[in-house]
Amino acid sequence: MLEEAASPTRRFDVICVHAFSRFYRNGAEMELTIRRLRKLGVDVVSVTQPTGDDPSQNLMRQIIGIFDEYTSRENGKNVTRAMRESAKQGFWNGSRPPLGYRVVEAERRGSKIKKKLEIDPVEAETVQLIYRLYIEGDGTSGPLGVKDTTKWLNTHGYRTRQGAHFGVGPLHGILTNRTYAYGTYQYGIRNGRTGETHDPDSVITIAIPTIIPVDLFEAVQQRLKANNPRVTPPRVVNGPTLLTGLARCASCGAGMTRTGTVRRGRPYNYYTCAGCAQKGTTVCKGRHIPMQKLDTLVLENVADRLLAPERVTEILSGLMAKRAKEDTEVATRRAALEREIADKDSRLKRLYAAIEEGVAELDADLKTRIQSLKAERDLARDALGRLQATTSRSTAPTPEMVEAFSIAMRQKLANGDIQARKAWLASVIGSIEVDDHKVRIIGSQDALAAAVTSESNAPARVSGFVRKWRAGQNETANSYDIVFST
């Protein structure tokens with residue numbers, strides 16, 4: 001709205017608010033903004049408070065702004081104090097609990113509901129399985145690594161709380177979460193708004209049930225330390241260069257960075273191997289390619305060789321076969337759970353029949369056995385219900401979707417500004433390998449399918465925490481590539 005107010009083509013002259021506290025809760029910033037808007041010919045009017053350009057009205061507005069700021073700060077301080085007191089009493093303040101736990105109502109205090117964490121039987125079983133796979137394996141092999149454990153879970157139909165595949169990063173976080181073994185959750189480690197770390201003495205420890213034995217957790221930590229896994233930080237590119245973050249040197253794998261020079265008053269820009277530019281020719285012989293030339297080549301080949309409807313259909317045919325296999329894996333786990341439920345029901349029926357016919361007496365041991373079978377059956381039922389609720393069949397791209405996607409992409413690449421082009425390229429391209437005589441475009445079939453089946457046909461901004469877009473990601477079979485000559 002403020003940007004629109006500063007535009008020569010603005011469509012309004014007045015900004016109307018219920019009260020000035022709805023506009024700003026910082027007295028100085030509010031006053032500076034109101035004065036700047038007045039210079040642009042835009043007035044800020046409050047429905048419930050005095051407004052105008054009279055000195056007394058200006059004074060009243062400034063006083064109101066100061067009181068609003070004070071009230072906001074006091075409210076924030078009171079809320080923080082109340083939340084800290086709630087945490088000291090062992091209650092959960094509302095963030096998403098770790099995998100293996102669920103939020104339940106502990107008590108009511110008037111209209112307020114106090115909550116605590118308890119173990120979620122289905123998710124706790126998955127957490128225990130993750131630790132067991134990492135330290136022992138699945139019985140057919142030795143201990144699995146973080147990546148192999150992730151693959152095992154995904155191929156056997158296990159899914160996250162949101163129904164997605166497990167990722168290496170989140171699974172590593174599960175293996176290093178001390179909450180599972182020590183039964184303590186630390187509240188108030190850092191400021192949620194600024195990210196600043198608080199004084200360790202002010203951190204509040206909340207007691208919660210444990211899921212993993214301490215000795216198993218420590219054994220996992222020792223193995224993780226011995227393996228010394230590398231974590232490559234993600235990268236989000238927001239600069240004005242079209243292929244920054246996508247183009248990389250085919251020889252050394254380093255990114256292609258922008259360089260340039262000026263001759264006779266005319267600028268010349270190039271993509272240059274960052275490995276050679278920063279570390280010398282001993283690392284890479286280096287290569288330079290004019291920026292305009294590479295940008296044009298990539299845009300033309302993406303439009304002509306990737307975005308043709310028949311080419312998109314061909315690329316996605318393999319992906320749909322892969323998704324069919326994943327559906328089969330989930331169906332296999334569903335069938336196993338259904339067999340387990342039927343088996344437990346059958347055993348319980350036989351025990352009940354034996355008791356009714358007088359063959360067996362309902363003693364303490366038999367009661368314990370019946371309770372154990374019921375618990376195992378209910379756990380399998382919960383797992384089956386969770387599996388059915390969290391898994392959904394992916395939308396298969398139709399010819400109409402492919403045609404609409406191809407048209408929209410071509411138009412954006414031909415007429416969009418630099419940021420729009422970058423966003424669209426990043427939505428379907430993973431990397432661009434630049435060699436002396438050829439360029440190779442590599443992309444993810446999953447990303448392409450997501451872009452095709454998107455209702456809006458608009459690419460989402462690639463977040464730095466998304467697994468498939470981390471820097472230096474290895475190529476997989478689920479990819480496509482386009483090679484063309486420079």
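### A few points about the overall build of the protein
In step 1: Counting its regular elements, the protein contains 15 helices and 13 strands.
In step 2: Within the protein, buried positions represent 35% of all 486 residues.
In step 3: The long-range share in the protein, meaning contacts at least 24 apart out of those at least 6 apart in sequence, stands at 63%.
In step 4: Working note: accessible area of the protein is about 28,500 Å², and carbon and sulfur atoms make up 51% of it.

### Some points on the side chain of Lys 344
In step 1: With respect to the helices and strands, the residue Lys 344 is situated in helix 11 (residues 309-356).
In step 2: Discounting chain neighbours no more than four positions away, the residues touching Lys 344 are Leu 373, Glu 376 and Arg 377.

### Some remarks on the pairing of strand 9 (residues 266-273)
In step 1: Here eight bridges tie strand 8 (residues 256-263) to strand 9, and the two strands are oriented antiparallel to one another. By the bridge assignment, Arg 258 is partnered in strand 9 with Tyr 271.
In step 2: Remark: two residues form the turn of the hairpin made by strand 8 and strand 9, two consecutive strands paired antiparallel; Arg 264 in that turn has positive phi of roughly 55°.
In step 3: Bridge count for strand 9 against strand 10 (residues 288-290) is three bridges, and the pairing is antiparallel. By the bridge assignment for strand 10, Thr 272 is matched with His 288.

### Quick word on a nonpolar patch on the surface
In step 1: On the surface, Leu 59, Met 60, Ile 63 and Phe 67 cluster together into a nonpolar patch covering about 380 Å² of accessible area.
In step 2: With respect to the element layout, Met 60 can be found in helix 3 (residues 55-88).
In step 3: On the basis of relative accessibility, which here comes to 38%, the residue Met 60 falls in the partly exposed class.

### Examining the packing of aromatic side chains
In step 1: Counting across every chain of the model gives seven aromatic pairs.
In step 2: Every member of this aromatic cluster is reached through a ring pair, and the members are Tyr 101, Tyr 131, Tyr 180, Tyr 182 and Phe 217.
In step 3: Directly above the aromatic system of Tyr 182 lies the positively charged group of Arg 178, at a separation of 4.4 Å from the ring centroid.
In step 4: Between Arg 333 and the ring centre of Tyr 158, over which it is positioned, the NZ or CZ distance is 4.0 Å.

### Structural notes on the pattern of salt bridges
In step 1: Under the defined criterion, the tally for this structure stands at 21 salt bridges.
In step 2: Residue Glu 105 is joined to Arg 108 by a salt bridge in which the shortest nitrogen-to-oxygen separation is 2.9 Å.
In step 3: Judged by relative accessible area, Glu 105 falls into the partly exposed class, the value being 45%.
In step 4: A salt bridge links Lys 344 to Asp 343; the nearest nitrogen and oxygen atoms lie 4.0 Å apart.
In step 5: Residue Lys 344 is classed as buried on the basis of its relative accessible area, which comes to 9%.
In step 6: Judged by relative accessible area, Asp 343 falls into the partly exposed class, the value being 29%.
In step 7: Through salt bridges with shared partners, one network takes in Lys 285, Arg 287, Asp 435 and Asp 436.

### Things to note about helix 8 (residues 214-227)
In step 1: Over its 14 residues, helix 8 extends 20 Å from the first C-alpha to the last, a length consistent with the 20 Å expected when each residue adds 1.5 Å.
In step 2: By the burial criterion, the buried members of helix 8 are Phe 217, Val 220, Gln 221 and Leu 224. Looking down the long axis of helix 8, one finds its buried residues gathered within 100° of arc, a one-sided arrangement. When the buried face of helix 8 is taken as reference, the exposed residues oriented beyond 90 degrees from it are Asp 215, Gln 222 and Ala 226.
In step 3: In this structure, the buried side of helix 8 is in contact with helix 4 (121-135), helix 5 (146-155), helix 6 (168-175) and helix 7 (179-182).

Reading the values: the criteria
- Within every chain, residues take consecutive numbers counted from 1 along the sequence as written.
- The predicted origin of the model limits local features to residues at a pLDDT of at least 70 and limits the giving and counting of side-chain atom pairs to 80 or more, whereas totals for whole chains, interfaces and linings rest on all residues.
- Note: side-chain values were computed over all heavy atoms of the structure, leaving out hydrogens and water.
- Secondary structure elements are taken from DSSP: a helix is a run of H or I of four residues or more, a strand is a run of E of two residues or more, and numbering for both begins at the N terminus.
- Working definition: with a 1.4 Å probe on protein chains only, accessible area under 20% of the residue-type maximum means buried, over 50% means exposed, and in between means partly exposed.
- Here, residues are in contact when the closest pair of their heavy atoms is within 4.5 Å.
- Per-residue accessibility takes into account occlusion by the displayed protein chains alone, with areas from the Shrake-Rupley method and a 1.4 Å probe.
- Strand pairing is assigned whenever DSSP detects at least two bridges linking the two strands.
- Nonpolar side chains (Val, Leu, Ile, Met, Phe, Trp, Tyr) within 5 Å and like charges within 9 Å form the patches, drawn only from residues with over 30% relative accessible area and no salt bridge.
- A carboxyl oxygen of Asp or Glu within 4 Å of a side-chain nitrogen of Lys or Arg is what we treat as a salt bridge.
- Any two of the Phe, Tyr and Trp rings considered here, Trp counted by its six-membered ring, make a pair once their centres fall within 6.5 Å; the pair's planes then place it as stacked at under 30 degrees, edge-to-face at over 60, or tilted in between.
- Either the NZ atom of lysine or the CZ atom of arginine qualifies as a charge over a ring when it sits within 6 Å of the ring centre and within 35 degrees of the ring normal.
- The span one expects for a helix is its residue count, reduced by one, times 1.5 Å.
- In this description, the arc belongs to the directions extending from the helix axis to the C-beta atoms.

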